[in-house]
Amino acid sequence: MGAEIRFTGEGIPVTEAARIMKKDQQFIRQAMIKGILPIGLAFRKEDSTQYDYYISPKLFYEYTGYVYNEA
C-alpha cells in the first residue's frame, strides 16, 4: 500500500494551478466562476466586482491526480 497523502488545507495559487494544468490563469479563473472546474471556490464579495479564489489541494488532486507540495 502507498503512503497516505495528507492535505494541509492551504490553497494552491491560481498561477501554480495554471502552470500544472498547462492552462492560462484566466481559463482557471473563468472555469471556477462558471462552476465547470471543480477544484475549489470562486467567491465574489457583495458590492465588489473582483473574485477571491481558493483551490483545494485535495480537490485538485482528485481532479488532476497531482499532489501539490508548496516549496
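Our structure's up above, just so we're on the same page.
Conventions used here
- Residues numbered from 1 in each chain as written.
- Predicted model: local features only at pLDDT ≥ 70, side-chain atom pairs only at ≥ 80, totals over all residues.
- Heavy atoms only, no water.
- Helix = DSSP H or I, 4+ residues; strand = E, 2+ residues; numbered from the N terminus.
- Buried < 20%, exposed > 50% of the residue type's maximum accessible area, 1.4 Å probe, protein only.
- Contact = heavy atoms within 4.5 Å.
- Areas by Shrake-Rupley, 256 points an atom, 1.4 Å probe, with all protein chains shown as cover.
- Lys, Arg positive; Asp, Glu negative; His and termini not counted.
- Charge placed at Lys NZ, Arg CZ, Asp CG, Glu CD.
- Axes fitted to C-alpha atoms, helices over the stretch in contact; angles between N-to-C directions.
- Parallel < 35°, antiparallel > 145°, perpendicular 65-115°, else oblique.
- Left-handed = near helix turned anticlockwise from the far one by under 90°.
- Nonpolar A, V, L, I, M, F, W, Y, C, P; charged D, E, K, R; others polar.
- Arc of directions from axis to C-beta.
- Salt bridge = Lys/Arg side-chain N within 4 Å of Asp/Glu carboxyl O.

### As for the overall build of the protein
Point 1. Tallying secondary structure elements over the protein gives three helices and two strands in all.
Point 2. Expressed as lengths along the three principal axes of its C-alpha atoms, the size of the protein is roughly 50 × 25 × 25 Å.
Point 3. Counting across all 71 residues of the protein, residues that qualify as buried make up 23%.
Point 4. Look at the contacts in the protein between residues 6 or more apart in sequence, and 44% of them connect residues 24 or more apart.
Point 5. Per element, the accessible surface of the protein, about 5500 Å² overall, is 49% carbon and sulfur.
Point 6. In the protein, which carries 9 positive and 9 negative side-chain charges, the distance between the mean positions of the two groups comes to 7 Å.

### Section: the packing of helix α1 (residues 14-21) against helix α3 (residues 57-64)
Point 1. At their nearest, the axes of α1 and α3 sit 13 Å apart, and the two run at 10 degrees to each other. Of the possible angle classes, the one that applies to α1 and α3 is roughly parallel. When you trace α1 past α3, the crossing you get is right-handed. Residues A17, I20 and M21 of α1 touch α3, and the partners they reach there are F60, Y63 and T64.
Point 2. Across the contact of α1 with α3, the residue classes break down as five nonpolar, one polar and no charged.

### Here we look at α1
Point 1. Among the residues making up α1, those that are buried are V14, A17, A18, I20 and M21. With its buried residues spanning 165 degrees around the axis, α1 presents them on a single face.
Point 2. Structurally, α1 contributes buried residues whose contacts are with α2 (25-33), β2 (51-55) and α3.
Point 3. Backbone geometry just after α1 places K22 at a positive phi near 55 degrees.

### Observations regarding the side chain of S56
Point 1. If you trace the backbone, S56 turns up in the loop between β2 and α3.
Point 2. Leaving out residues up to four positions away in the same chain, S56 has contacts with I12, I39 and G40.

### Some remarks on the pattern of salt bridges
Point 1. Scanning the entire structure with this criterion turns up three salt bridges.
Point 2. In this structure, R19 and E16 form a salt bridge, with 2.8 Å as the shortest nitrogen-oxygen distance. Here R19 pairs with E16, and both are found in helix α1, just three residues apart, close to one helical turn.
Point 3. Overall, the relative accessible area of 49% leaves R19 in the partly exposed class.
Point 4. In this structure, K45 engages D52 in a salt bridge whose closest nitrogen and oxygen atoms are separated by 3.7 Å.
Point 5. The exposure class of K45 is partly exposed, given its relative accessible area of 47%.

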